[in-house]
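# Close look at the chain arrangement
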2 protein chains.
Amino acid sequence: MTALAKPLSRLSINQMTVKQLTLPELTEACMRLGVPAVGLWREPVQAYGVEAAAKLVRDAGLAVTSLCRGGFFTATDPGERARALDDNRAAIDEAAALGTDTLVLVSGGLPPGSRDLPAARERIADALADLAGHAGERGVRLAIEPLHPMYAADRCAVSTLDQALGIAERFPAEQVGVVVDTYHVWWDERAPEAVARAGACGRIHALQLADWVTPLPAGVLNGRGQLGDGAIDLRAWRQRVDAAGYTGPVEVELFNESLWARDGVEVLEETADRYVRQVL
Amino acid sequence: MTALAKPLSRLSINQMTVKQLTLPELTEACMRLGVPAVGLWREPVQAYGVEAAAKLVRDAGLAVTSLCRGGFFTATDPGERARALDDNRAAIDEAAALGTDTLVLVSGGLPPGSRDLPAARERIADALADLAGHAGERGVRLAIEPLHPMYAADRCAVSTLDQALGIAERFPAEQVGVVVDTYHVWWDERAPEAVARAGACGRIHALQLADWVTPLPAGVLNGRGQLGDGAIDLRAWRQRVDAAGYTGPVEVELFNESLWARDGVEVLEETADRYVRQVL
């Protein structure tokens, strides 16, 4: 453990931030830098083997703060819907096997030909009704992540913390809550009040950080800025979420082509440094 | 006038939709198709000459439904702010000369180094306080356009109809109102209530249409979809705005590289056809 270990005590590095690193490279680098936790993604974990991945991070002394991602609940086709629910049950089981209590949900956008966002949101709530019990049995919380409104059509019909919380509140807090990701909610003047409300009812299941930088890249998926490079007052957001009673990990999740093109360990070191300077 | 003239009675074509057409080509095509109105942009109008443009459209019997655009009010530098105000006074005068009562405002994003959206919004309100009287004297309404939250950092700190209306309501309705542009507000479940509120106080100064298509292009400026190509229920939005008491023009404003690459008259014909099929 380095001298930075204490300042980094809440830091978690989401695997996608340094997806150029293998899982053993990531765990090794986290141990060396004193980063105590990681957020994992299903695809690379499955490629490595769920049990092997669980053992790797456990042996490294790392916590797993979240598994990304379940969701995609909005299909109208019954077969497609059933497959999505089965896949989410598998994701819940994988989260439990990895020792994390949080499954992050990207809930799904409009099915082909549909223009009905409210109906899509209701199908998301219906799917959660089918899954919440299974999640509760496994000790896994389903965390609805509102995605930026620019993803409303094709990725997530839940665009604000208010909407996410409105769905989550239909279920017990230990089964369904929300993710606060600065990249998605920073622009929303109503989000601070929703953070306070979510905190008061114990439904902030994860805090994720990324900065907002422009111009956005084509497809708007892989332009999330390194902490401090953009328009978001990240420290203010961390303080706001803490003030709502949140004491959990602070996960940095960057999807960024230019970061992925660099040496992963160097990006990890930079990210830990930015976290100390911009977030603490 | 063609047989389509009556169905097209509220249609206005924003000049940017077919920016490959010169102003004389645009007016000629609109006359031939029975499109009774256009929305104009300052730069091409200035290049043609404001008085000459005014005469051209007047002689063609076309109404000018709006001038785009004023705004960019968020500078903190005093000299830059003064230049922006001067430029907006000129825009108001140009709108009056063109015979339109509506100047569309893109209010401005964060100045370099700032992370304070609420402060930027207050500077927008301050600038309007400086301009509203001049606009009123010229018979021009300042129309705050909330831009999609993906533009909050670099183009417009006003991201929702609620925010736009909250600022507009500080001024007389005949001086400051809002633009409802489907591309910017379609995702917002609170927008319908804001439309009703804006209509009730006579502050819907313009209705603009564009469809939402994905994937978004790099920079996210020029990917607005042709009517009917995307995720927005355009007819429902038109009906919603009408139900709020709006009886004005319905302006189609598409920024779309693939439409600009085609024959402009063909695009104009297609747009009028889509309007009849998707909006009426």
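None of these values were measured; they are calculated from a predicted model.

## Section: the overall build of chain A
When you go through chain A residue by residue, the secondary structure sums to eleven helices and ten strands. Compactness check: chain A gives a C-alpha radius of gyration of 18 Å against a globular reference of 19 Å for 280 residues, within 12% of the reference. Considered along the principal axes of its C-alpha atoms, chain A spans approximately 50 × 40 × 40 Å. Relative to its 280 residues, chain A shows a buried fraction of 53%. Partitioning the contacts of chain A with sequence separation of at least 6, the portion at a separation of at least 24 is 80%.

## Examining the sheet that holds strand β5 (residues 141-144) of chain A
All names here are of chain A. The sheet built from eight strands closes into a barrel, its strands ordered β1-β2-β3-β4-β5-β6-β7-β10 with parallel pairing. Averaged over all pairs of adjacent strands, the angle between their axes in this sheet comes to 30°, without regard to strand direction. Direction of pairing for strand β3 (residues 63-71) relative to strand β4 (residues 102-106): parallel, over a ladder of four bridges. Residue pairing across strands places glycine 70 opposite leucine 105, the latter belonging to β4. With respect to the sheet, helix α11 (residues 264-279) is in contact with β1 (11-14), β7 (204-209) and β10 (250-252), its orientation differing from that of β1 by roughly 135°.

## Brief notes about the pairing of strand β2 (residues 37-41) of chain B
Residue and element names in this part refer to chain B. Within β2, four of the five residues are buried, leaving the element largely enclosed by the surrounding structure. As judged from the three bridges shared by strand β1 (residues 11-14) and β2, these two strands associate in the parallel manner. Of the residues in β2, the one forming a bridge with asparagine 14 is glycine 39. The parallel pair β1 and β2, bridged by helix α1 (residues 23-33), forms a crossover whose chirality is right-handed. Both β2 and strand β3 (residues 63-71) contribute to a ladder of five bridges, which runs parallel. Bridging across to β3, valine 38 finds its partner in valine 64.

## Remarks on the nonpolar core
Counting 192 residues, the largest nonpolar core has Ile144 and Val178 of chain A together with Val178 of chain B as the members making the most contacts within it. Excluding anything up to four places from it in sequence, valine 178 of chain B contacts Ala143, Ile144, Leu161, Ala164, Leu165, Ala168, Ala198, Arg203, Ile204 and His205 of chain B.

## A closer look at the sheet that holds strand β5 (residues 141-144) of chain B
All names here are of chain B. The strand order around the closed barrel formed by eight strands is β1-β2-β3-β4-β5-β6-β7-β10, and the pairing between neighbours is parallel. Between one strand axis and the next, the sheet turns through 30° on average, direction left out of account. When β5 meets strand β6 (residues 176-181), the two strands line up parallel, connected through three bridges. Bridged to leucine 142 within β6 is valine 176.

## Observations concerning the relation of the copies chain B and chain A
Under the fitted operation, chain B is carried onto chain A by 0.0 Å of movement along the axis and a turn of 180°, and the coordinates agree to an RMSD of 0.0 Å. On the angle and the small slide along the axis, the relation comes out as a two-fold axis. It is alanine 218 of chain B whose C-alpha, among those of chain B, lies nearest the rotation axis, at 1.8 Å. Take the interface residues of chain B: 100% of them recur as interface residues in chain A, which is what a same-surface contact looks like.

## Section: unusual backbone geometry
Cis rather than trans, the peptide bond between threonine 214 of chain A and proline 215 of chain A has omega equal to 0°. Going from cysteine 68 of chain B to arginine 69 of chain B, the amide bond is cis rather than trans, its omega being -5°. The topology assignment puts arginine 69 of chain B in strand β3. One non-glycine residue, valine 220 of chain A, adopts positive backbone phi at about 50°. Relative to the assigned elements, valine 220 of chain A resides in the loop between β8 (211-212) and β9 (224-225). Take valine 220 of chain A: there are 22 C-beta atoms within 10 Å of it, and that puts it in the buried class.

## Quick word on the environment of alanine 90 of chain B
All names here are of chain B. Within the secondary structure, alanine 90 sits in helix α4 (residues 78-98). Classification of alanine 90 as partly exposed rests on a count of 14 C-beta atoms within 10 Å. Spatially, the C-alpha atom of alanine 90 lies 9.1 Å from that of glycine 70, the residues being 20 residues apart in sequence.

## Concerning the confidence of the model for chain A
All names here are of chain A. On average, chain A scores 97 in pLDDT, and the residues at 70 or more come to 98%. Note that residues 1-5 has pLDDT below 50 and, in this model, seven contacts with residues that lie over four places away or in other chains. This complex was scored by the predictor with a pTM of 0.96 and an ipTM of 0.95.

## Here we look at helix α6 (residues 161-168) of chain A
Taking burial as the measure, the eight residues of α6 of chain A include seven buried ones, the bulk of the element. Turning to α6 of chain A, its buried residues are Leu161, Asp162, Gln163, Ala164, Leu165, Ile167 and Ala168 of chain A.

Conventions and cut-offs
- Along each chain, numbering runs from 1 in the same order as the chain's sequence is written.
- Labels are handed out in written order, letters beginning with A for the chains and numbers beginning with 1 for the ligands.
- Given that this is a predicted model, residues contribute local features only at a pLDDT of at least 70 and side-chain atom pairs are listed and counted only at 80 or more, while totals for whole chains, interfaces and linings are drawn from all residues.
- Under the DSSP-based scheme used, a helix requires at least four consecutive residues in state H or I and a strand at least two consecutive residues in state E, with every element numbered from the N terminus.
- It is over C-alpha atoms that the radius of gyration is taken, and the globule rule equals 2.2 Å times the number of residues to the power 0.38.
- Three classes are used. A residue is buried when 20 or more other C-beta atoms lie within 10 Å of its own, exposed when 12 or fewer do, and partly exposed in between, with C-beta atoms placed from the backbone.
- This entry defines residue contacts through backbone-placed C-beta atoms, with two residues in contact when those atoms are within 7 Å.
- Only strands that DSSP links by at least two bridges are regarded as paired with each other.
- Orientation is described by axes fitted as lines to C-alpha atoms, over the contacting stretch for helices, and by angles from 0 to 180 degrees between their N-to-C directions.
- The handedness of a crossover follows from its direction of travel: if, with the strands pointing away from the viewer, the path from the first strand over the helix to the second runs clockwise, the crossover is right-handed.
- Only buried Ala, Val, Leu, Ile, Met, Phe, Trp, Tyr and Cys residues enter a nonpolar core, and they are joined through C-beta atoms within 7 Å.
- Residues below a pLDDT of 70 in either copy are left out; the C-alpha atoms of the rest, at least 70 in both, set the least-squares superposition of the copies.
- On a scale of 0 to 100, pLDDT captures the predictor's confidence in every residue.

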